[in-house]
Amino acid sequence: MTKVFKISIACMLFTCCGLPAMAQTKQQKIPRVAQMPFLPKPLQIIDYKALAIRFDKTVFDFNAKGEFWPLVWLDSSKKNFPQTVVGLYTAMGDVRQGINNKGMFHEALATMGATLGASLVGINKTNQQKRNYVGMLKNYFNKETGWNIMMNNTCPEVALLGGGYGRDWWYDVYPNVLFYAVYNQYPNEPGFTEIAHTIAEKFYSADSILNGNYDWSYFDYGKMTPMKNQICAQPDVAAGHAWVLYAAYKKFGDPRYLKGALSALSALQSQPKNPTYEVLMPFGAYLSARINAEQGKQYDMDKMLAWSFDGTAICREGWGVLVGNWNGMDISGIVGSTVDHGGYGFLMNTYDAAWPLVPLVRYDQSYATAIGQWMLNAANAARFFYPQYMPDDHETIPQIAAATKGVIGYEGIIRKSSYAQHENLSGPVAQGDGPLWVPRKNPEVSQFSVYGSGHVGIFGSIIRKTNVEGILQLNLLATDFYHDKAYPSFLYFNPYPTTKPVLIKNEQGKKIDLYNTVSGTFIARNVSGQTQIKLSPKNAAVIVMLPSGGKVTYAGKKMLVDGIVVDYMFRKK
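Residues numbered from 1 in each chain as written. Predicted model: local features only at pLDDT ≥ 70, side-chain atom pairs only at ≥ 80, totals over all residues. Heavy atoms only, no water.

## What about the overall build of the protein?
- Looking only at helices and strands, the protein has 16 helices and 25 strands in total.
- For 573 residues, the compact-globule estimate of 2.2 N^0.38 gives 25 Å, and the protein sits close to it at 23 Å.
- Put simply, the protein has 573 residues, and 62% of those count as buried.
- Contacts spanning at least 24 positions in sequence make up 68% of the contacts within the protein whose residues lie at least 6 apart.
- On the protein, roughly 20,200 Å² of surface is accessible, and the fraction owed to carbon and sulfur atoms is 51%.
- Across the protein, the centroid of the 55 positively charged side chains sits 8 Å from that of the 43 negatively charged ones. (Helix = DSSP H or I, 4+ residues; strand = E, 2+ residues; numbered from the N terminus. Rg over C-alpha atoms; globule rule 2.2 N^0.38 Å. Buried < 20%, exposed > 50% of the residue type's maximum accessible area, 1.4 Å probe, protein only. Contact = heavy atoms within 4.5 Å. Areas by Shrake-Rupley, 256 points an atom, 1.4 Å probe, with all protein chains shown as cover. Lys, Arg positive; Asp, Glu negative; His and termini not counted. Charge placed at Lys NZ, Arg CZ, Asp CG, Glu CD.)

This is the structure we're talking about:
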């Protein structure tokens, strides 16, 4: 028999339990998020987990029928490792890919991102269709070039066909961030530990050589020297270095990796202007929160969060998080250029921003309300990238939308289309840049982004709906890779002007206690079945599910239950 307990978040202070009372955590604002609606309209939160499962089943089907399908092929060039690997289209119909160019042109952003996304929603990619898609990722480890890091392509022969390889820093660093995330999911995959060690050594050595100066276009990891070219400097790559090194420290325990992570994060913090370039700055904000909590440091998380959101980037002009209601549709929360044609947000960037920003709240709950509000907006707006959710008169190619089989979205959403033939469309306009990559050769269908759509599992692993439309349950552990032992932790944000009752399900099979890090209270004891809590208006709660009757202890600012940290910012009144 299911029991429902009705408990107010405002009640049951520690003093009721014979424990010291904690002060309510004051909520910090992110100025850009403060410009977003509390409740975006029209409101519809789709099932991103189900979408991620459908994407994987559909896109990794070698027998898929239809023009431009299948979207996968086999690359038998055996670069870096003696194995045949899978290639995945970057965009539908991209003429550079498939059997063209000897089958060698495929990107880690697509293949590795799709593998991670599927893994996050529970799909085992080591034995699917009798193929080990996880092990295939090793071929992006460029040992034949002497760089000995993960790169966006398997070899330089095809690198100039697309973006990034060996000349655009974020493209070289981000595949290593993706790899470490995949490694977290598959720690026993043969060869991964050796690769992870080598990457960490490369990044540690690179940071030592850079010595706090990340003002370069890229770093030659073969010659171990920083380089400049026509691409502007990308000092936010320090966030990628720091994230990988801290992950390596948590995995291997080598204090040099911690030293390197701190060095890189300090280099990022020292920037006088917003250095945001593509996807890495939010990882700097997350690391600031986590390292402050775990290592007792004082990194400026406020600064890095503002840089992640506010659109004041210099090199990548206006890069940040978009805000606005365009012709009755709230697009706030998507990530990209805030200035290009009035604003141009991208699907991959939006998905990937949630990866570091949501678990940040575990380590600093003072941003629970702000992150909750942003994620509600982002989750609502992200559906518009998909043709089945965007009105036809706001799409560039609705007439061929069926080609996506319902699992591929447009690459971006723009306020005013950058294509002359579509300038008459009212914003927001769903479109993609694929036809511009190979002018007069790439078909219109290449506006549909396979690489961006493959990252849907990030949202799919984090977001669950509750019994109240518009109040989401956000899983704080789903993408908090290499975290210390932790209890299930969830963020709830109430966007309404009135108190709302929300059901929390206990799926652990034994009685639990519920603790809210925002209010500093145990809000329920000995819970089995479902618990109803009341969320106050326009506020958030971070609920940690603890073993019932666990022993509470304290260590500095930390509050622990049975030796596991529950609250990193415990403050007695």
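Read on, since the account is not over.
## Topic: the pattern of salt bridges
- Taken as a whole and judged by the stated rule, the model has 13 salt bridges.
- Between aspartate 480 and arginine 290 there is a salt bridge, with its nearest N and O atoms 3.7 Å apart. Here aspartate 480 is found in the loop between strand E16 (472-475) and strand E17 (489-493), whereas its partner arginine 290 is found in helix H9 (residues 281-295), with 190 residues between them in sequence. Summarising the burial analysis for this pair, aspartate 480 and arginine 290 share the class buried. (Salt bridge = Lys/Arg side-chain N within 4 Å of Asp/Glu carboxyl O.)

## Examining the environment of proline 391
- Relative to the helices and strands, proline 391 is located in the loop between helix H13 (368-381) and strand E11 (409-410).
- For proline 391, a relative accessible area of 35% gives the class partly exposed.

## Brief notes about the sheet that holds strand E23 (residues 552-555)
- The 3 strands lie next to each other as E23-E24-E25, forming an open sheet whose pairing is antiparallel. Looking at the sheet topology across the chains shown, the edges are occupied by E23 and strand E25 (564-567). For this sheet, the mean angle separating the axes of adjacent strands, direction not counted, is 45 degrees.
- Sheet topology note: the E23/strand E24 (residues 558-561) ladder contains 4 bridges and is antiparallel. In the strand pairing of E24, valine 552 is matched with valine 561. (Pairing = 2+ DSSP bridges. Axes fitted to C-alpha atoms, helices over the stretch in contact; angles between N-to-C directions.)

## With respect to the packing of aromatic side chains
- Summed over the entire model, instances satisfying the criterion amount to 33 aromatic pairs.
- Taking the centre distance of 5.9 Å and the plane angle of 80 degrees together, the rings of tryptophan 243 and phenylalanine 283 count as edge-to-face. Here tryptophan 243, found in helix H7 (residues 237-252), pairs with phenylalanine 283, found in helix H9; they are 40 residues apart in sequence, far enough to count as distant.
- A residue is classified by how much of its surface remains accessible, and tryptophan 243, at 4% relative accessible area, is buried.
- The exposure class of phenylalanine 283 is buried, given its relative accessible area of 1%.
- An aromatic cluster is built from Trp170, Tyr171, Tyr174, Trp243, Phe283, Trp355 and Phe481, whose rings are joined through pairwise contacts. (Phe/Tyr/Trp six-rings, centres within 6.5 Å; stacked < 30°, edge-to-face > 60°.)

## A word on the sheet that holds strand E15 (residues 463-465)
- The antiparallel open sheet is built from 6 strands, whose spatial order is E15-E16-E17-E22-E19-E20. Of all strands in the sheet, those with a lone pairing partner are E15 and strand E20 (521-527), marking the two edges. Shown here is a sheet whose adjacent strand axes are inclined to one another by a mean of 25 degrees, direction ignored.
- As paired strands, E17 and strand E22 (residues 540-547) are joined by 5 bridges and run antiparallel to one another.

## With respect to the pairing of E24
- Counting the residues that bridge the hairpin from E23 to E24 gives 2 residues, and of these glycine 556 lies at a positive phi of roughly 65 degrees.
- Pairing of E24 with E25 involves 3 bridges; the strand directions are antiparallel. If you follow methionine 559 over to E25, its bridge partner there is aspartate 567.
- Counted along the chain from E24 to the antiparallel partner E25, the turn is 2 residues long, and its residue aspartate 562 has a positive phi close to 55 degrees.

## Looking at unusual backbone geometry
- In the segment running from tryptophan 69 into proline 70, the intervening peptide bond is cis, with an omega of -5 degrees.
- By the element assignment, proline 70 lies in the loop between helix H2 (48-59) and strand E2 (72-75).
- For the peptide bond that leads from glycine 427 to proline 428, omega is 0 degrees, which places it in the cis range.
- Its place among the elements puts proline 428 in the loop between strand E12 (412-414) and strand E13 (429-431).

## Brief notes about the nonpolar core
- Tyr180, Trp243, Trp355 and Trp374 are the most contacted members of the largest nonpolar core, which totals 170 residues.
- With residues up to four places along the chain from it excluded, the contact list for tryptophan 374 reads Val33, Met36, Phe309, Val321, Gly333, Ala353, Ala354 and Leu357.
- Core analysis: the second largest hydrophobic core is formed by 17 residues, Phe490, Ile512, Leu514 and Ala524 among them. (Core = buried A, V, L, I, M, F, W, Y, C linked by side-chain atoms within 4.5 Å.)

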